[in-house]
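Now for the letters of each chain:
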Amino acid sequence: IIAKNTGGCLSQPIIVSILPQPSTPAAPTVVITQPTCTVPTGAITINGVPGETYSFDGGPFTNQLVYNGLIAASTHTLKTKNASGCISPTTSITLNIQPLTPAPPTLTPIQPTCTVSTGTVQIANVLGQTYSFDGSPFTSTLNYPGLLGGSTHTVTAKNGSGCISAASTITLDISPPTPNAPSIFTAQPDCTEAFGEITI
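Just so it is clear, the model here is predicted, and its values are computed rather than measured.

Further remarks concern a nonpolar patch on the surface. A contiguous nonpolar patch, built from Ile1, Ile14, Val16 and Ile18 and spanning about 500 Å² of accessible area, is present on the exposed surface. Relative to the elements of secondary structure, Ile1 occurs in the segment before strand S1 (30-33).

Here you go:
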């Protein structure tokens, strides 16, 4: 830039450089910890970039990268600001709802009898669930025969979200004892008595 006055004299030139446009940072990337069967809240961890600060849900820009204890199904926004003061597009995150824990399974016993010394445990099926019997792997098996009388068993249910129920416990009856054959005394008919008699 050169100035000229009314006498036609020219000033020394002044050189001015226009800097490049400052870059806008990319929207922040995050790692999401979703609510689980046992933990009802989630967390968001920002993948930090040197020289950047972050605004969470419209708050001030800070260096904080981890936000814990976020309510299930809640939505959150994040923005990045770089050293030039440029602000990124918004990242929006919605946490999942907390997976439901299934109810303890319903068990029905078939008790041992006088002639069958073992019993059976039957599990009431719920669509989408599998079952662990006495700590075994989860399967779709619902009927467990041949169980000793007086034995105790536990069953847990797992749903499609991987959530495991509290255990249901059942104890089978002891097989009823078979009585001994009765002792009897027999009085037979004789010459003077036409009838006999049986005493138990």
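Having seen the model, we can carry on.
All chains considered together, the criterion is met by 1 disulfide. Between Cys37 and Cys163 runs a disulfide, and the two sulfur atoms are separated by 1.9 Å. Measuring the twist about the S-S bond at about -85°, one finds the Cys37-Cys163 disulfide to be left-handed. Placement of the pair is Cys37 in the loop between S1 and strand S2 (41-46) and Cys163 in the loop between strand S11 (152-158) and strand S12 (168-171), with a sequence separation of 126 residues. Residue classification places Cys163 among the buried residues on the basis of a relative accessible area of 0%.

Strands sit in the order S9-S11-S12 across an open sheet of 3 strands; the sheet is antiparallel. Each having just a single partner strand, strand S9 (130-133) and S12 make up the two edges of the open sheet. Neighbour-to-neighbour, the strand axes of the sheet open up by a mean angle of 25°, direction not taken into account. Across 4 bridges, the pairing between S9 and S11 is antiparallel. In the strand pairing of S11, Ser132 is matched with Thr156.

What counts, and at which threshold
- Residues numbered from 1 in each chain as written.
- Predicted model: local features only at pLDDT ≥ 70, side-chain atom pairs only at ≥ 80, totals over all residues.
- Heavy atoms only, no water.
- Patch = residues over 30% accessible without salt bridge, like charges linked within 9 Å, V, L, I, M, F, W, Y side chains within 5 Å.
- Areas by Shrake-Rupley, 256 points an atom, 1.4 Å probe, with all protein chains shown as cover.
- Salt bridge = Lys/Arg side-chain N within 4 Å of Asp/Glu carboxyl O.
- Helix = DSSP H or I, 4+ residues; strand = E, 2+ residues; numbered from the N terminus.
- Disulfide = S-S within 2.5 Å.
- Buried < 20%, exposed > 50% of the residue type's maximum accessible area, 1.4 Å probe, protein only.
- Pairing = 2+ DSSP bridges.
- Axes fitted to C-alpha atoms, helices over the stretch in contact; angles between N-to-C directions.

So yeah, pure geometry; function would need other evidence.
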